[in-house]
Amino acid sequence: MKFGVVTFPGSNCDYDTYASVRHILGEEVEFLWHKSSDLAGCDAVILPGGFSYGDYLRAGAIARFSPIMQEVVRFARSGGLVIGICNGFQVLTEVGLLPGALIRNSHLRFSCKQVYLRVEDEKTPFTRSCKQGEVLQIPIAHGEGNYYSFDGDIRQLQDSGQIVFRYVSCDGEVTAESNPNGSCDNIAGIMNVEGNVLGMMPHPERAVEKILGSTDGLKILESIRSACNTTSMVRNR
Amino acid sequence: MAENRKATVYVRLKDGVLDPQGVTIQKALGQMGYNDFLSVRSGRFFELEVNADAADVEQRIDEVCSRLLANPVIESYKVELNS
């Protein structure tokens, strides 16, 4: 299968993401330039972390109008797997593929550290190599990762099983102390109703080798590969 | 007939959306002794110059506000069309 990694001006995790797919996961991967209108036959698209367009206006607000995003939206609407990491998550909310918004961390500081995530649903294309309730150690690095949605919307996310990851303590408990940014309901990652678009603030591409402190992020990439290989996904849709 | 119009757009977080900057500013005011400032909400404004038909100008501005200047999920906006 083939992954695509979108590069916006200001993306800074695109090479890490590319390397994690190519050298650690061992799959084909191609950069997708923001001005391009061609997904190059990719089976899954990753919107990487960074500061697309300098985070001007709001994080992700300008990137959503780039030519490549029009293709990503089309790809997602036809069932293609899309994962937005950190700034990529912000882009996905701005473009409307995911509900809610990422606002300034409640403590106002940029936060770069290892956190623990609990897998809330093992059946998604992004977590099928994980176990229900499994605790993953994956780092975060953001200033605007505070997931916000109105109360009723959060309940709906919960009811429709769209909450994929929550920030937890190392033993898997949802606590105020384990919430690094003030996110509603300790939300670290959500997917759309259809289950083919995931946004998450933590960086799985930074947790793919022992020397990085964790290999848990690899499980997410492996899940995507497994999902692509077991469903008969049509290329060049 | 198109003409140049100026407008000011104010974008703010909707009521109920946490404004960490506002909260921090309010706390700082308290530390400075301004305990009578009970809350602060922050926002931003844009000064626009638009070349549009008089009949269209409000709708044009409204369009860019809802599509780009504000995120309708968390923000509201107010337009002042300058004469």
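The preceding data block contains the structure.
What you see is a predicted model, and the numbers here were worked out from it, not measured in a lab.

A. Geometry of the sheet that holds strand β1 (residues 2-13) of chain B. All names here are of chain B. On the basis of which strands lie adjacent, the open sheet formed by three strands has the order β2-β1-β3 and antiparallel pairing. Two strands lie at the open edges of the sheet, namely β2 (43-53) and β3 (75-82), each paired on one side alone. Each strand axis lies, on average, 25 degrees off the axis of its neighbour in the sheet, ignoring direction. The pairing of β1 with β3 spans eight bridges and is classified as antiparallel. The partner of Leu 13 across the bridge, within β3, is Glu 75. Against the sheet, helix α2 (residues 57-69) contacts β1, β2 and β3, and its axis sits at roughly 150 degrees relative to β3.

B. How the structure looks around unusual backbone geometry. All names here are of chain A. Not every positive phi belongs to a glycine, and Leu 108 is a case in point at roughly 70 degrees. Among the secondary structure elements, Leu 108 is positioned in the loop between β5 (101-103) and β6 (111-119). A residue is classified by how much of its surface remains accessible, and Leu 108, at 27% relative accessible area, is partly exposed. Of note in the backbone geometry, Asn 186 takes a positive phi value of approximately 60 degrees without being a glycine. One can find Asn 186 in the loop between β9 (163-168) and β10 (187-191).

C. Representation of the environment of B:Val64. Residue and element names in this part refer to chain B. The topology assignment puts Val 64 in helix α2. Under the relative-accessibility criterion, Val 64 is labelled partly exposed at 40%. For Val 64 and Leu 29, which are 35 residues apart along the polypeptide, the C-alpha to C-alpha distance reads 35 Å.

D. Main features of the sheet that holds β6(A). All names here are of chain A. Spatially, nine strands are ordered β2-β1-β3-β4-β11-β10-β9-β6-β7 in an open sheet, and the strand pairing comes out mixed. Edge positions in the sheet fall to β2 (28-33) and β7 (135-142), since each of these pairs with one other strand and no more. The sheet shows a mean angle of 25 degrees between the axes of neighbouring strands, direction not considered. As paired elements, β10 and strand β11 (residues 197-200) share three bridges and run antiparallel to each other. Residue pairing in the sheet places Ile 190 in a bridge with Gly 199 of β11. Contacts from helix α4 (residues 151-159) reach β9 and β10, with the element oriented near 110 degrees to β9. Taken strand by strand, helix α5 (residues 217-230) contacts β1 (2-7), β3 (44-47), β4 (81-85), β7, β9 and β11, and its axis lies near 165 degrees from that of β4.

E. Region of interest: the nonpolar core. Formed by 73 residues in total, the largest nonpolar core has its most connected members in A:Phe3, A:Val45, A:Ile83 and A:Phe165. Not counting residues within four places of it along the chain, the set of residues in contact with A:Ile83 comprises A:Val45, A:Ile46, A:Leu47, A:Leu92, A:Phe126, A:Leu198, A:Met200, A:Ile220 and A:Ile224. With eleven residues, the next largest nonpolar core counts B:Val9, B:Val11, B:Ala52 and B:Val57 among its residues.

F. Up close: a nonpolar patch on the surface. Residues and elements named next belong to chain B. Together, Met 32, Tyr 34 and Phe 37 line one region of the surface with nonpolar side chains, adding up to about 330 Å² of accessible area. Along the chain, Tyr 34 falls in the loop between α1 (20-31) and β2. Judged by its relative accessible area of 41%, Tyr 34 falls in the partly exposed class.

G. View of the pattern of salt bridges. All names here are of chain A. All chains considered together, the criterion is met by 13 salt bridges over all chains. The salt bridge involving Glu 30 is made with Lys 2; its shortest N-O contact spans 2.8 Å. Of the two residues, Glu 30 is situated in strand β2 and Lys 2 in strand β1; the sequence distance between them amounts to 28 residues. Judged by its relative accessible area of 8%, Lys 2 falls in the buried class. As a salt-bridge pair, Glu 144 and Arg 104 come within 3.7 Å of each other at their nearest N and O atoms. Of this pair, Glu 144 sits in the loop between β7 and β8 (146-148) while Arg 104 sits in the loop between β5 and β6; the two residues are 40 residues apart in sequence, bridging distant segments of the chain.

The rules we used
Residues numbered from 1 in each chain as written. Chains lettered and ligands numbered in written order. Predicted model: local features only at pLDDT ≥ 70, side-chain atom pairs only at ≥ 80, totals over all residues. Heavy atoms only, no water. Pairing = 2+ DSSP bridges. Helix = DSSP H or I, 4+ residues; strand = E, 2+ residues; numbered from the N terminus. Axes fitted to C-alpha atoms, helices over the stretch in contact; angles between N-to-C directions. Contact = heavy atoms within 4.5 Å. Buried < 20%, exposed > 50% of the residue type's maximum accessible area, 1.4 Å probe, protein only. Core = buried A, V, L, I, M, F, W, Y, C linked by side-chain atoms within 4.5 Å. Patch = residues over 30% accessible without salt bridge, like charges linked within 9 Å, V, L, I, M, F, W, Y side chains within 5 Å. Areas by Shrake-Rupley, 256 points an atom, 1.4 Å probe, with all protein chains shown as cover. Salt bridge = Lys/Arg side-chain N within 4 Å of Asp/Glu carboxyl O.

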